[in-house]
Amino acid sequence: MKKFVNEPANFVPEFMKGVLLANPGLLEFIPEFQLIKRTDRPAENKVSVVQGSGSGHEPAHIMTVGPGMLSAACQGPVFAAPPVDACYETIKSVATDAGVLVLVNNYQGDRMAWDMACEMAEAEGIKVKQFIINDDVSVEDSLYTVGRRGVAGNFFVIKACGAAAEAGADLDTVLAVAEKVNANVRTMGVALTSCIPPAKGTAIFEIGDDEMEVGIGIHGEPGRRRDKIKNADAITDELFDAVAQDLPYKSGDRVALMINGLGGTPISELYVLYARAHERAEQAGLTVVRNYVGEYCTSLEMAGASLTLLKLDGQLEEYLDAPAEVAVRIF
Amino acid sequence: MTELTIEQIEKAIDVASDTVIRNEIYFSDLDGLAGDGDFGTSLATGFKVIKADLPTLDKSAVGAMLLKISMLCSKHVGGSSGPIWGTGFMRAGMASKDKTSVSLEDLAAMVNSAVEGIMARGGAKLGDKTLLDALIPIAEKMKEMAPTGDAAATLKAVTEVADKAIDETRNLVAHRGRASQVGERSANTPDPGIVGVATILYDWCKHYGVDYTPTAAELNR
């Protein structure tokens, strides 16, 4: 293993400390629960939106805490759900009379931890609702899940719910926004290499130099099939077809198109994929209203990418356009 | 009519903690056959804290103590076991809230409530090869035995239920949890959750002098 680590067991709190120090005044870090929250939340009459999951997917989830995005998030160890009490403290840290919406990606460990945390919060009189995100079309059931996995589409749920909450929407309305985004977003990914959790020190799965895993999960879970690697356009076509046919997206639809890097693929390669995906979308009669190319939901240093389509309406376009700020910046 | 005091329940949990701690490696090895091998360690990490904190926990009522234990599970038991065991203690605590002692019938209601909570939490049902394959028939047996007021006979009966569950589920394919992902590979391996429950019950038998001879190989080590 060749990584920038000090003590592997301290990897998660150490990177969280870096996120905190890089965002002075904006974020608060509570190390006991591996929890980062906005310093200006809770705010009276505003719904808070929270999330928490295993680490290794940065910028999801902790680095998407900020104005117009998440109010707070907690991190578990790499690829493992956070403990129940951290989830509970996350809800409690931003609880308001308007309520808290918990966005949970569909993994068994995350679901059980948040479900129990919500029950504990409710017992304390906190108004809380949870929503399960499951945008991955590659497999119906997977490692750690019953039903489809939650992957890069999560970003759009956070963005839209964050904007709605910032605008002062009530809890039921923000929940309805989450439902609408999840119902209209679909993703599929492909991996070219494996990845190494720092505390584990070895690759989470083996893959040959000339192979790809089509439909990969963000924890290295198997997808649809293992195959010989193809050229970029052929791979993009397979991802696009799988995603586009699933909803299905129809000619005339206005969409957001995302090419998400899984952590170890250069931005230039992501734009090679985007070029083909954009052309395929236009050929299919889709209007690409907004595009996203970069890293939104990763799997440590895995080389690979995912393609996401989100069907838009006036409300969602407005929410995607709304200003937002996160802990990762390049300017 | 048998009434269990808070002190007696505290002692039973202390004995169970010893069972979990002593079997840390064995339970993880069982989990490693089809799962990710963290079950024993996850559980033992939490029960070490529970055992250490037990003497100083709130003992104003049975429920108060169990709710504190639930909180310790949710904080210190890792992986999926945290919410599962935490839910069990939470529901049992809610069902015994202000009681300073519990009858066998109270205990049966607490166990039933815990089992319902765990089913709701994880979405598993009978035959999915999880610890519920032991807990569901245990709850039924307790309800049946409770009116007798015979604690020793009830313990023996539920230990037999858990013991049998090990062998009855051995050849099932897991439908929930990490083991569900290896499909057929999970057949012919015992479920570590079921073995865990059965081992705790068998150790209680030994502690309370209840004579029981187990059949499953996992209890005859």
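Every chain is numbered on its own, with residues counted from 1 as its sequence reads. Here every chain gets a letter starting at A, and every ligand a number starting at 1, in the order they are written. The model is predicted, so local features are restricted to residues of pLDDT at least 70 and side-chain atom pairs to those at 80 or more, both for listing and for counting; the totals for chains, interfaces and linings are taken over all residues.

Undergrad: Got a minute to help me understand the overall build of chain A in this structure?
TA: The numbering of helices and of strands both runs from the N terminus, where a helix is a DSSP run of H or I of at least 4 residues and a strand a run of E of at least 2. Looking only at helices and strands, chain A has 8 helices and 12 strands in total. Here the globule rule reads 2.2 Å times residues to the power 0.38, and the radius of gyration is calculated from C-alpha atoms. Relative to the compact-globule value of 20 Å for 331 residues, chain A shows a C-alpha radius of gyration of 19 Å, a close match. Each principal axis of the C-alpha atoms in chain A carries an extent, and together these give about 55 × 50 × 40 Å. Each residue is classed by its C-beta neighbour count within 10 Å, where at least 20 other C-beta atoms makes it buried, 12 or fewer makes it exposed, and intermediate counts make it partly exposed; the C-beta atoms are placed from backbone geometry. Within the span of chain A, comprising 331 residues, buried residues form 57% of the whole. Two residues qualify as being in contact provided that their C-beta atoms, derived from the backbone, are within 7 Å of each other. Counting contacts in chain A only where the partners sit at least 6 residues apart, residues at least 24 apart contribute 73% of the total.

Undergrad: Explain the overall build of chain B here, please?
TA: Helices and strands together make up the secondary structure of chain B, namely 9 helices and 2 strands. Along its sequence from the N terminus, chain B presents helices and strands in the succession β-α-α-α-α-α-β-α-α-α-α. Taken over the C-alpha trace, chain B has a radius of gyration of 16 Å; the compact-globule value for 221 residues is 17 Å, and the two agree within 12%. Judged by the C-alpha coordinates and their principal axes, chain B covers about 45 × 35 × 30 Å. Pairs at least 24 residues apart make up 65% of the contacts formed inside chain B by residues separated by at least 6 positions.

Undergrad: Could you clarify how one ought to interpret the pairing of strand 2 (residues 35-38) of chain A in this entry?
TA: Sheet faces and side chains relate simply in a regular strand, where the side chains alternate between the two faces. Residue and element names in this part refer to chain A. Burial of strand 2 is two-sided: the residues L35 and K37 facing one way and the residues I36 and R38 facing the other way are all buried. In the sheet, strand 1 (residues 27-30) pairs with strand 2 via 4 bridges, with the strands oriented antiparallel. Bridge pairing in strand 2 links I30 to L35. Only when DSSP finds a minimum of two bridges between them are two strands counted as paired. What sits between strand 1 and strand 2 in their antiparallel hairpin is a turn of 4 residues, with Q34 showing a positive phi close to 45°. Pairing analysis gives 3 bridges linking strand 2 to strand 4 (residues 72-78), with the strands arranged antiparallel. The residue of strand 4 that forms the bridge with K37 is A72.

Undergrad: Where do I start with the environment of A234 of chain A in this structure?
TA: Inspection of the secondary structure assignment puts A234 of chain A in helix 6 (residues 232-246). Considering only alpha carbons, one finds A234 of chain A and T39 of chain A, 195 residues apart in sequence, at a separation of 46 Å.

Undergrad: Would you mind going over the sheet that holds strand 9 (residues 225-228) of chain A with me for this structure?
TA: Sheets are built from strands paired through backbone hydrogen bonds, the pairs being either parallel or antiparallel. Residues and elements named next belong to chain A. The mixed open sheet is built from 6 strands, whose spatial order is 9-8-7-12-10-11. The open sheet has two edge strands with one neighbour each: strand 9 and strand 11 (287-294). Between one strand and the next, the sheet's axes are offset by a mean angle of 20°, whatever the strand orientation. Examined bridge by bridge, strand 10 (residues 254-261) and strand 12 (residues 304-311) share 7 bridges and lie antiparallel to one another. Looking across to strand 12, one finds that N260 is bridged to S306. Here, axes are lines fitted to C-alpha atoms. For helices the fit covers the stretch in contact, and angles between N-to-C directions go from 0 to 180 degrees.

Undergrad: Explanation requested: the interface of chain A and chain B in the structure shown.
TA: By a widespread convention, an interface's size corresponds to the accessible area lost as its parts come together. Across the contact, 12 residues belong to chain A and 16 residues belong to chain B. For the side of chain A that touches chain B, the secondary structure elements donating two or more residues are helix 2 (84-93) and helix 3 (108-123) of chain A. Split into classes, the residues belonging to the side of chain A that touches chain B amount to 8 nonpolar, 2 polar and 2 charged. Under the scheme applied here, ten amino acids are nonpolar (Ala, Val, Leu, Ile, Met, Phe, Trp, Tyr, Cys and Pro), four are charged (Asp, Glu, Lys and Arg), and all others, including Gly, are polar.

Undergrad: What's the story with the nonpolar core in this structure? I'm lost.
TA: Here is a general trend for soluble globular proteins: nonpolar side chains tend to be buried in one another's company. Ranked by internal contacts, the top residues of the largest apolar core, which has 168 residues, are A117 and C161 of chain A together with A198 of chain B. Take this core: its biggest share by element is 9 residues, from helix 4 (residues 154-166) of chain A. Summarising the domain contributions, this core has at least three residues from each of domain 1 (8-184) and domain 2 (185-314) of chain A. For this entry, the nonpolar core is defined as buried Ala, Val, Leu, Ile, Met, Phe, Trp, Tyr and Cys residues connected by C-beta atoms within 7 Å. The domain limits used here are those given by an automatic or database domain assignment.

Undergrad: How do you make sense of the sheet that holds strand 6 (residues 128-133) of chain A when you look at a structure like this?
TA: Residues and elements named next belong to chain A. Judged by pairing direction, the sheet is mixed, and its 6 strands sit side by side in the order 1-2-4-3-5-6 without closing on themselves. In this open sheet, the two strands that pair with only one neighbour each are strand 1 and strand 6. Neighbour-to-neighbour, the strand axes of the sheet open up by a mean angle of 20°, direction not taken into account. Inspection of the sheet shows strand 3 (residues 48-55) paired to strand 5 (residues 100-105) by 3 bridges, in the parallel sense. The residue bridging V49 from the neighbouring strand is L101, located in strand 5. On top of the sheet, helix 2 reaches strand 2, strand 3, strand 4, strand 5 and strand 6; it is set at about 165° to strand 4, its chief contact.

Undergrad: How do you make sense of the domain arrangement of chain A when you look at a structure like this?
TA: Residues and elements named next belong to chain A. Segmentation of chain A into domains returns domain 1 (8-184) and domain 2 (185-314). Measuring from the centre of the C-alpha atoms in domain 1 to the corresponding centre in domain 2 gives 23 Å. At the junction of the two partners, domain 1 supplies 29 residues and domain 2 supplies 33 residues. Those elements giving two or more residues to the side of domain 1 that touches domain 2 turn out to be strand 4, helix 4 and helix 5 (171-184).

Undergrad: Sorry if this is basic, but what is going on with the packing of helix 2 of chain A against helix 3 of chain A here?
TA: When two helices pack together, their arrangement is given by the angle between the helix axes and by the axis-to-axis distance. Residue and element names in this part refer to chain A. Taken N-terminus to C-terminus, the directions of helix 2 and helix 3 make an angle of 50°; their axes are 8 Å apart at the nearest point. Comparing the axis directions of helix 2 and helix 3 gives the class oblique. For helix 2 against helix 3, the interelement crossing comes out right-handed. Within the contact between the two elements, helix 2 uses V84, C87, Y88, I91 and K92 and helix 3 uses A113, W114, M116, A117, M120 and A121. Per-class residue counts for the contact of helix 2 with helix 3 are 10 nonpolar, no polar and 1 charged. Angular relationships are summarised with four words: roughly parallel below 35 degrees, roughly antiparallel beyond 145, roughly perpendicular across 65 to 115, and oblique for the angles in between. Should the near helix be turned anticlockwise from the far one by less than a right angle, the crossing is termed left-handed; should it be turned clockwise, right-handed.

Undergrad: Just to check I follow, could you spell out the environment of P222 of chain A for this structure?
TA: All names here are of chain A. One can find P222 in the loop between strand 8 (211-214) and strand 9. Residue P222 is classed as partly exposed on the basis of its 18 C-beta neighbours within 10 Å. Placed 31 residues apart in sequence, P222 and A191 show a C-alpha to C-alpha distance of 9.9 Å.

Undergrad: Hey, could you run me through helix 5 (residues 81-94) of chain B in this one?
TA: Structurally, the α-helix is built with 3.6 residues per turn, so residues lying three or four positions apart point the same way. Expected span, for any helix, means 1.5 Å times one less than how many residues it has. Compared with an ideal rise of 1.5 Å per residue, which puts 14 residues at 20 Å, helix 5 of chain B spans 20 Å between its outermost C-alpha atoms and is within 8% of the ideal. Most of helix 5 of chain B is tucked away, with 13 of its 14 residues classed as buried.

Undergrad: Explain the packing of helix 7 (residues 132-145) of chain B against helix 8 (residues 151-169) of chain B to me, please; I cannot follow it from the model alone.
TA: Residues and elements named next belong to chain B. Packing of helix 7 against helix 8 brings their axes to within 9 Å, and their N-to-C directions diverge by 155°. In this view, helix 7 runs roughly antiparallel relative to helix 8, as classed from their interaxial angle. Judged by the twist between their axes, the crossing of helix 7 over helix 8 is right-handed. Where helix 7 abuts helix 8, its residues D133, A134, P137, I138, K141, M142 and M145 lie against A153, T154, A157, V158, V161, A162, A165 and T169.

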